[in-house]
Amino acid sequence: MSNPLARARRIVVKVGSSLLVDAEKNTLREAWLNALVDDIAKLRTDGKDVLVVSSGAIALGRRILGLNGKALRLEESQAAAAAGQIRLSSAWQEALARHELKTAQILLTLGDTESRRHYLNARETVHTLLKLGVVPVVNENDTVATAEIRFGDNDRLAARVAQMISADCLILLSDIDGLYTADPGVDADAKFLATVPAITPEIEAMAGVSRSGLGRGGMVTKIVAAKIAVGAGCAMVIANGKQMHPVQSVRDGGRCTWFEAQGTPAVARKQWIAGHLNPQGTLTLDAGAVKALQSGRSLLPAGVTRVDGKFQRGDLVRVCDPDGNEIAVGLSAYADEDARRIIGHKSGDIVEILGYRGRDEMIHRDELVLR
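Every value quoted in this text rests on a predicted model; they were computed, and no experiment measured them. (Residues numbered from 1 in each chain as written. Predicted model: local features only at pLDDT ≥ 70, side-chain atom pairs only at ≥ 80, totals over all residues. Heavy atoms only, no water.)

Caption draft 1: Fine view of the overall build of the protein. When helices and strands are counted, the protein shows 15 helices and 17 strands. Residue burial in the protein is summarised as follows: out of 371 residues, 52% are buried. A separation threshold of at least 6 residues defines the contact pool for the protein, and within that pool the share at least 24 residues apart is 73%. Positive and negative side-chain charges in the protein, numbering 46 and 44 respectively, have mean positions lying 2 Å apart. (Helix = DSSP H or I, 4+ residues; strand = E, 2+ residues; numbered from the N terminus. Buried < 20%, exposed > 50% of the residue type's maximum accessible area, 1.4 Å probe, protein only. Contact = heavy atoms within 4.5 Å. Lys, Arg positive; Asp, Glu negative; His and termini not counted. Charge placed at Lys NZ, Arg CZ, Asp CG, Glu CD.)

Caption draft 2: Representation of the side chain of Ser 17 within the structure. With respect to the secondary-structure elements, Ser 17 resides in helix H2 (residues 17–20). At 3.3 Å, the side chain of Ser 17 forms a polar contact with the backbone nitrogen of Gly 56. (Polar contact = N/O pair within 3.5 Å; in protein donor to acceptor, adjacent residues only side chain to side chain.)

Caption draft 3: Layout of the layout of surface pockets. Its boundaries defined by the atoms lining it, the second largest pocket holds a volume of some 550 Å³. Arg 123, His 127, Arg 359, His 364 and Asp 366 are the residues nearest the centre of the second largest pocket, which is lined by 17 residues in total. The element best represented in the lining of the second largest pocket is helix H7 (residues 116–131), accounting for 5 residues. Considered class by class, the residues forming the lining of the second largest pocket number 3 nonpolar, 4 polar and 10 charged. (1 Å grid on protein atoms, 1.4 Å probe; cavity = no way out; pocket = protein on both sides within 12 Å on 5 of 7 lines; lining within 4 Å. Points joined across faces, edges and corners; volume = space filled by probe spheres on them. Nonpolar A, V, L, I, M, F, W, Y, C, P; charged D, E, K, R; others polar.)

Caption draft 4: Summary view of the state of the cysteines. For the structure shown, the criterion picks out 0 disulfides. Cys 234 takes part in no disulfide bond, and the closest cysteine sulfur to it belongs to Cys 169, at a distance of 6.2 Å. (Disulfide = S-S within 2.5 Å.)

Caption draft 5: Representation of the packing of aromatic side chains. Overall, the coordinates contain 1 aromatic pair when judged by the stated rule. Taking the centre distance of 5.4 Å and the plane angle of 70° together, the rings of Tyr 180 and Phe 192 count as edge-to-face. In this pair, Tyr 180 sits in strand S8 (residues 179–180) while Phe 192 sits in strand S9 (residues 192–193), placing the two residues 12 residues apart along the sequence. (Phe/Tyr/Trp six-rings, centres within 6.5 Å; stacked < 30°, edge-to-face > 60°.)

Caption draft 6: Expanded view of helix H8 (residues 154–164). H8 sits mainly inside the fold: 9 of its 11 residues count as buried. Just past H8, the residue Ser 166 takes up positive phi, approximately 60°.

Caption draft 7: Spatial organisation of the sheet that holds strand S11 (residues 235–240). Strands sit in the order S5-S6-S4-S1-S7-S11-S12-S10 across an open sheet of 8 strands; the sheet is mixed. The two strands at the open ends of the sheet, each matched to only one other strand, are strand S5 (103–108) and strand S10 (195–196). Sheet contacts for helix H5 (residues 74–97): strand S1 (10–15), strand S4 (49–54), S5 and strand S6 (135–140); angle to S5, the most-contacted strand, approximately 150°. Along the sheet, helix H10 (residues 219–231) makes contact with strand S7 (169–174), S11 and strand S12 (256–259), crossing S11 at roughly 155°. (Pairing = 2+ DSSP bridges. Axes fitted to C-alpha atoms, helices over the stretch in contact; angles between N-to-C directions.)

Caption draft 8: Summary view of the pairing of S6. Where burial is concerned, most of S6 is hidden: 6 out of the 6 residues are buried. Both S4 and S6 contribute to a ladder of 2 bridges, which runs parallel. Bridging from a neighbouring strand, Val 53 pairs with Val 138 of S6. In the sheet, S5 pairs with S6 via 6 bridges, with the strands oriented parallel. Looking at the pairing, Thr 103 lines up with Val 135 of S6.

This is how it looks when you write it as structure tokens:
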């Protein structure tokens, strides 16, 4: 298997608390962070988009609020997260600024990735930041998350973010160098696996539990993350983050475990659109728009002649030719009421009609599946 990182265009890097924060002092490991950011800067120089999912807010907040050496109640954890998040985001900003890279903080909960509107807003925000050359830093919004809307670990958060932004490589930096047939700290006969072509019940059974005093994840959560990532067409790697320049080590072919992707992010997303959603409305097109779609273009408002049904932005809609035959399905960039107001008009007229600047397309080609 060739190194997927070499051909990846959009990469998510997940950093655990035990790597970023000194466990005894609850202080930031600045030299390590700077070395990691050196690696990220090289990826950016190569033209790759990079997003970071970073743990560490609660661990850093413990020290700030004097909560060291004790088990935290829920409200104390949330208070520590609030205090530590400022320090965490500042640390990333300072480290990236050394390479004249800009960053932005994004806080998410599980609910944000399951609510259609929140999901779309987050996806569009990240896409915009990446287009502007920013390195977004994502963390779980521990301050407001309840048990019902928590990821509970940043491995799964990283996988869901990778899925959301159509990343093609997810790097999980851990305190272990990959997947073994058993816990190498317990079983001396445990064998290292360099590649996992498919996640079978046997692979899932190999997962152990975290021995870290700071993190909430373990190999179990990494396998769950891998299932999410590879199903979205995103290759995933578990690598030892303890060393300096851990991403460069992955690039150089260092010891790690690769989980092979199933297809590509674009194909996986279109399969999800076609098979996991129910159409909420219908758009009828003129002949010119039908021809444009069949040649691989997006659907513009000018080519739509009729809107039927009730739907919200991001809902799946049927796309029909002038005779009513379904030719495609896709995710509408507009709710039905706004869609009715702009059909037949040029994209440049949208802001005058609606009073705000929406997307130029009624359905972008990346979110359209031809029948």
